[in-house]
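Each chain, letter by letter, is given below.
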Amino acid sequence: MEFWRVPLDADTIQVSRGIVHILEDRCKGCGYCIEYCPKQALEFSTNFNQKGYHPPVVIKPEECVNCHYCEIICPEFAIFSVESLQTTEVEQART
Amino acid sequence: MQEISVTSKKQPRHPLDDLIRTDRIPHIWCPGCGIGTVFSSCLAALKESGIDLKKTVMVSGIGCSGRAAGYVKLDSFHTTHGRAIPFATGLKLANPELNIVVFSGDGDLFAIGGNHFIHAARRNMDMTVICVNNLNYGMTGGQVAATTPYMAKSTTTPAGNPETPFNLPLMAYASGATYVARWTMLHTRDLTDSITEALCKKGFSFIEVLSPCPVNYGRRNKQKPLDMLKLYQEKAIIKNHADPSKLDIDFEKGIILGKFIDLDRPTFIEHYDKIYRPSRLQENVSGLNS
């Protein structure tokens, strides 16, 4: 994540990181998760799933902030994110 | 003996998989249909509210959203057309311990089941009604419904709908509902919070959820599924405690969302027990005191 200026309380704020899991064979390719991902971390895959739809694929795994929006907007129970235990970029930048 | 080492990658489990019948997934809803989102939001709310899921029943009527009762891994019943609320009323009266969720569509709850809705709200039956409003009869091929906006096109009104649609929150309020809210499937977090609140509330709670129907409504009105969501995003005005008489759905003016009514009124069972079963009431009171 790029900061225009580093916030003063950046050392106390924890930006969570997530890992996106996609259950490809449940997807029907509506694209809601791709459109509404706040970090634009998803894109349509060029592959087909069992039913012939293009499921999403994570193109920027490091951008995911574990907001769960893809999980709650997905009508198919086909995508979800779990928290990753990586340290945040701000912390990395400070150390 | 040769050891078989299979490094099969175990498929990860979705957090809501314990509440759905996974053998029936993928469900029948079309790509881009919002019912799946409303359903998952309802399941998330059931989990979040902390109510006893062993004593929770989901009832649904006929229509696309009626299929929800078959996908949920709780006690559930898929009733005949329009009769979700009478069935739920019977369940509640026979076993007042149950938490009842009615999950159905606008055609089922407000066209053929309109009277049942009015009278359950009037009696203040203790249940939560979630109405997925997709603005037409989706399952039968996109005919005009009681909620289709003025001048919207449908199979039976190819030049535009000449009728005025229902204002559902006003009807719920006028009939006596104690909790009335409206959201769209895009406002998923607000919707989940609202359903959680309604589940924990005593009395008749009604939540209307606007949801796209890309195949039958969207196609005839030149709206792709994403256009519909963008329209929700642009036109939504969140206004809690708005006047229910000003909540008509007009995409030109903007659609008002929010929690409109939150009242407390004695439920039907409380009134009934007071008059006809005073002994049970005393038992309950002594049960609370002991």
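**Brief notes about the overall build of chain B**
When you go through chain B residue by residue, the secondary structure sums to 11 helices and eight strands. Counting only C-alpha atoms and orienting by the principal axes, one finds that chain B spans roughly 75 × 60 × 35 Å. For chain B, the proportion of contacts with a sequence separation of at least 24, taken over those separated by at least 6, is 68%. A total accessible area of about 13,700 Å² is found for chain B, and carbon and sulfur atoms account for 53% of it. When the 33 basic and 27 acidic side-chain charges of chain B are each reduced to a single mean position, those positions are 4 Å apart.

**Some thoughts on the interface of chain A and chain B**
In this assembly, 24 residues from chain A lie in contact with 33 residues from chain B. Contact with chain B buries surface across chain A, with Y32, Y36 and F77 of chain A losing the most and accounting together for 30% of the total. Inspection of the chain A/chain B interface yields two salt bridges. Residue E35 of chain A is joined to K230 of chain B by a salt bridge in which the shortest nitrogen-to-oxygen separation is 3.3 Å.

**Notes on the confidence of the model for chain B**
Residue and element names in this part refer to chain B. In this model, chain B carries a mean pLDDT of 91, and residues with pLDDT of at least 70 account for 93%. The secondary-structure element of chain B with the lowest mean pLDDT is helix 11 (residues 278-289), recorded at 66, while strand 6 (residues 204-210) shows the highest, at 97. In the model, residues 1-8 has pLDDT below 50 throughout and makes zero contacts with residues more than four positions away in sequence or in other chains.

**Looking at the packing of helix 5 (residues 114-123) of chain B against helix 6 (residues 168-175) of chain B**
All names here are of chain B. In the contact formed by helix 5 and helix 6, the axes pass within 7 Å of each other and the chain directions differ by 45°. Accordingly, the angle class assigned to the pair helix 5 and helix 6 is oblique. Only M171, A172 and S175 of helix 6 make contact with helix 5, whose side of the interface consists of F117, I118, A121 and R122.

**A closer look at the sheet that holds strand 1 (residues 56-60) of chain B**
Residues and elements named next belong to chain B. Reading across from one edge, 2-1-3-4-6-5-8-7 is the order of the eight strands in this open sheet, with mixed pairing throughout. Strands with a single pairing partner mark the edges of an open sheet, and in this sheet they are strand 2 (75-78) and strand 7 (236-238). Sheet twist, expressed as the average angle between the axes of neighbouring strands with direction ignored, equals 20°. Pairing of strand 3 (residues 99-105) with strand 4 (residues 127-133) involves five bridges; the strand directions are parallel. The residue of strand 4 that forms the bridge with G105 is V132. Docked against the sheet, helix 6 engages strand 4, strand 5 (179-184), strand 6 and strand 8 (255-262), running at close to 175° with respect to strand 6.

**Comments concerning unusual backbone geometry**
Residue and element names in this part refer to chain B. The omega angle of the peptide bond from I25 to P26 is 5°, so this bond is cis rather than trans. Turning to its location among the elements, P26 is positioned in the segment before helix 1 (35-49). Phi is positive for N124, which is not a glycine, with a value near 55°. Relative accessible area serves as the criterion here: at 0%, N124 is assigned to the buried category. In the Ramachandran plot, K222 falls in the positive-phi region, its phi being about 55° despite a non-glycine side chain. Mapped onto the elements of the fold, K222 is located in the loop between helix 8 (214-218) and helix 9 (225-235). Here K222 falls in the exposed class, since its relative accessible area comes to 74%.

**Remarks on the layout of surface pockets**
Residue and element names in this part refer to chain B. Approximately 340 Å³ is the volume attributed to the largest pocket. In this structure, the largest pocket is lined by 18 residues; those nearest its centre are P149, Y150, D250, F251 and E252. Here the lining of the largest pocket is built from residues that sort into 11 nonpolar, three polar and four charged. When residues of the lining of the second largest pocket are assigned to their parent elements, the largest contribution, three residues, is made by helix 4 (residues 106-112).

**As for the pattern of salt bridges**
Tallied over the entire structure, the rule returns 14 salt bridges over all chains. Among the ionic pairs, D17 of chain B bridges to R26 of chain A, the shortest N-O distance being 3.2 Å. With D17 of chain B in the segment before helix 1 and R26 of chain A in the loop between strand 1 (17-22) and helix 1 (32-36), this residue pair bridges two chains. Here R26 of chain A falls in the buried class, since its relative accessible area comes to 13%. One salt bridge in this structure joins K246 of chain B and D243 of chain B, with 3.3 Å as the shortest N-O distance.

**Brief notes about the packing of aromatic side chains**
A full pass over the atoms with the stated rule returns 13 aromatic pairs over all chains. An angle of 50° between the planes, with centres 4.6 Å apart, marks the rings of F110 of chain B and F117 of chain B as tilted. As far as the burial class goes, F110 of chain B and F117 of chain B line up, both buried. Here the aromatic rings of F117 of chain B and F206 of chain B are separated by 5.1 Å at their centres, their planes lie at 75°, and the arrangement is edge-to-face. Of the two residues, F117 of chain B sits in helix 5 while F206 of chain B sits in strand 6, which places them 89 residues apart along the sequence. Clustering of aromatic rings is evident, with ring pairs tying together F77 of chain A together with W29, F39, Y71 and F103 of chain B.

Parameters at a glance
- Residue numbers restart at each chain and count upward from 1, following the sequence in its written direction.
- Working convention: letters from A go to chains and numbers from 1 go to ligands, in the order in which they are written.
- Under the rules for a predicted model, residues below a pLDDT of 70 receive no local features and side-chain atom pairs below 80 are neither given nor counted, while totals for whole chains, interfaces and linings still include all residues.
- Processing note: side-chain calculations cover all non-hydrogen atoms of the structure and skip hydrogens and water entirely.
- Strands here mean DSSP runs of E at least two residues long; helices mean DSSP runs of H or I at least four residues long; both are numbered from the N terminus.
- For this analysis, residues touch if any pair of their heavy atoms sits within 4.5 Å.
- Only the protein chains shown count as cover for residues, with accessible areas throughout obtained via the Shrake-Rupley method and a probe of 1.4 Å.
- Charged residues are defined narrowly, with Lys and Arg counted positive, Asp and Glu counted negative, and His plus the chain ends left uncounted.
- To locate a charge, the coordinates of NZ of Lys, CZ of Arg, CG of Asp or CD of Glu are taken.
- The term buried area denotes the loss of accessible surface (1.4 Å probe radius) that occurs when two parts are joined, taken as the sum for both partners.
- We define a salt bridge as a side-chain nitrogen of Lys or Arg found within 4 Å of a carboxyl oxygen belonging to Asp or Glu.
- The predictor rates its confidence in each residue with pLDDT, a number between 0 and 100.
- The angle between two axes is taken between their N-to-C directions and runs from 0 to 180 degrees, where each axis is a line fitted to C-alpha atoms and a helix contributes only its stretch in contact.
- For classification purposes, an angle smaller than 35 degrees is called roughly parallel, one larger than 145 roughly antiparallel, one from 65 to 115 roughly perpendicular, and anything else oblique.
- Only strands joined by at least two bridges in the DSSP assignment are considered to pair.
- Burial classification: accessible surface area is computed with a 1.4 Å probe over protein chains only, and a residue below 20% of its type maximum counts as buried, one above 50% as exposed, and the rest as partly exposed.
- Buried and open spaces are told apart on a 1 Å grid over the protein atoms alone, a cavity being a set of points where a 1.4 Å probe fits but cannot get out and a pocket being an open set with protein on both sides within 12 Å along at least five of seven lines. Residues with an atom within 4 Å of a point are the lining residues.
- Grid points are joined across faces, edges and corners, and a volume is the space filled by probe spheres set on the points.
- Residue classes follow a fixed rule: Ala, Val, Leu, Ile, Met, Phe, Trp, Tyr, Cys and Pro count as nonpolar, while Asp, Glu, Lys and Arg count as charged, and any other residue, Gly among them, counts as polar.
- Centre distance within 6.5 Å is the pairing criterion for rings of Phe, Tyr and Trp, where only the six-membered ring of Trp is used; planes under 30 degrees apart are then read as stacked, over 60 as edge-to-face, and the remainder as tilted.

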